[in-house]
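Residue-level listing of the chains:
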Amino acid sequence: MIRNASVYDITRINELGKLLNKNFERLFKINEMLQDEISKVIVYEKDDKIVGFITATSLYETCDILSIVVDPDYRKQGIGTNLLGYLISDLGEVLKLVTLEVATKNKEALALYDKFGFEVVHKREHYYDGDDAYLMARKSEQ
């Protein structure tokens, strides 16, 4: 089941977020994101637990994906695809541009973003602790 996150989900989101960055809890402040008007925090629940989430900011017709994480035990089941599809669908017709950064080495994420029509706009050198990243964007088909 995919749904908007609640305060009751913060502990698990932060736990999964540490897979992305050991300082996830300090960097992302999920509690604040749940309360502001521009942030989206969406979770994927399976087997009565949160196994993935996506965070983004959305302002006017632009969305910036901040993070997408799936529990390693639940990968290769389409959860990331479903989360990303849900976010894009949820933002609807007003959405004109979606952007994100991704490590150039993250082949699984690159394949996911390619599936949704994201294109590399720029390469950011030494963006993630010395590793390069791509700035990617997806324009709306409208």
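Above this text sits the structure in question.
For clarity, every value in this text was computed on a predicted model and none was experimentally measured. (Residues numbered from 1 in each chain as written. Predicted model: local features only at pLDDT ≥ 70, side-chain atom pairs only at ≥ 80, totals over all residues. Heavy atoms only, no water.)

Another aspect to go through is the pairing of strand S2 (residues 39-46). Examined bridge by bridge, strand S1 (residues 2-4) and S2 share three bridges and lie antiparallel to one another. Looking at S2, one finds that Ile-2 is bridged to Tyr-44. Across eight bridges, the pairing between S2 and strand S3 (residues 49-59) is antiparallel. Counted as the bridge partner of Val-43 is Phe-53 from S3. (Pairing = 2+ DSSP bridges. Helix = DSSP H or I, 4+ residues; strand = E, 2+ residues; numbered from the N terminus.)

Another point: the packing of helix H4 (residues 79-91) against helix H5 (residues 107-115). The geometry of H4 relative to H5 is characterised by a closest axis approach of 11 Å and an angle of 40° between their N-to-C directions. When the axes of H4 and H5 are compared, the pair comes out oblique. By crossing handedness, the relation of H4 to H5 is classed as right-handed. Note on element contacts: H5 touches H4 through Leu-112, Tyr-113 and Lys-115, opposite Gly-80, Thr-81 and Leu-84. Here the residues of the contact of H4 with H5 sort into three nonpolar, two polar and one charged. (Axes fitted to C-alpha atoms, helices over the stretch in contact; angles between N-to-C directions. Parallel < 35°, antiparallel > 145°, perpendicular 65-115°, else oblique. Left-handed = near helix turned anticlockwise from the far one by under 90°. Contact = heavy atoms within 4.5 Å. Nonpolar A, V, L, I, M, F, W, Y, C, P; charged D, E, K, R; others polar.)

This part takes up the environment of Asn-14. Structurally, Asn-14 is set in helix H1 (residues 10-17). Asn-14 sits in the buried class, given a relative accessible area of 7%. A C-alpha to C-alpha distance of 5.5 Å links Asn-14 and Glu-25, two positions 11 residues apart in sequence. Ignoring anything within four residues of it in the chain, the contact list for Asn-14 reads Phe-24, Glu-25 and Ile-30. (Buried < 20%, exposed > 50% of the residue type's maximum accessible area, 1.4 Å probe, protein only.)

As a further point, take unusual backbone geometry. Among all residues except glycine, the phi angle is most often negative; among peptide bonds, the trans geometry is most common. The phi angle at Asp-48 is positive, at roughly 60°, despite the residue not being glycine. Residue placement: Asp-48 occurs in the loop between S2 and S3. In this structure Asp-48 comes out as exposed when scored by relative accessible area, which is 80%. The phi torsion at Lys-76 lies on the positive side, around 65°, for a residue other than glycine. Mapped onto the elements of the fold, Lys-76 is located in the loop between strand S4 (62-70) and H4. Classification of Lys-76 by relative accessible area gives exposed; the value is 76%.

Glancing now at the pattern of salt bridges. Using the criterion set out here, one finds eight salt bridges in the structure. Close ionic contact of Lys-40 with Asp-90 constitutes a salt bridge, the shortest N to O distance being 2.9 Å. In this pair, Lys-40 sits in strand S2 while Asp-90 sits in helix H4, placing the two residues 50 residues apart along the sequence. What makes Asp-90 partly exposed here is its relative accessible area of 37%. Ionic pairing is found between Lys-105 and Asp-131, a salt bridge with its closest N-O pair at 3.2 Å. Of this pair, Lys-105 sits in the loop between strand S5 (97-103) and H5 while Asp-131 sits in strand S7 (residues 131-139), and the two are 26 residues apart along the sequence. Linked through salt bridges whose partners overlap, the residues forming this network are Arg-3, Asp-9 and Glu-45. (Salt bridge = Lys/Arg side-chain N within 4 Å of Asp/Glu carboxyl O.)

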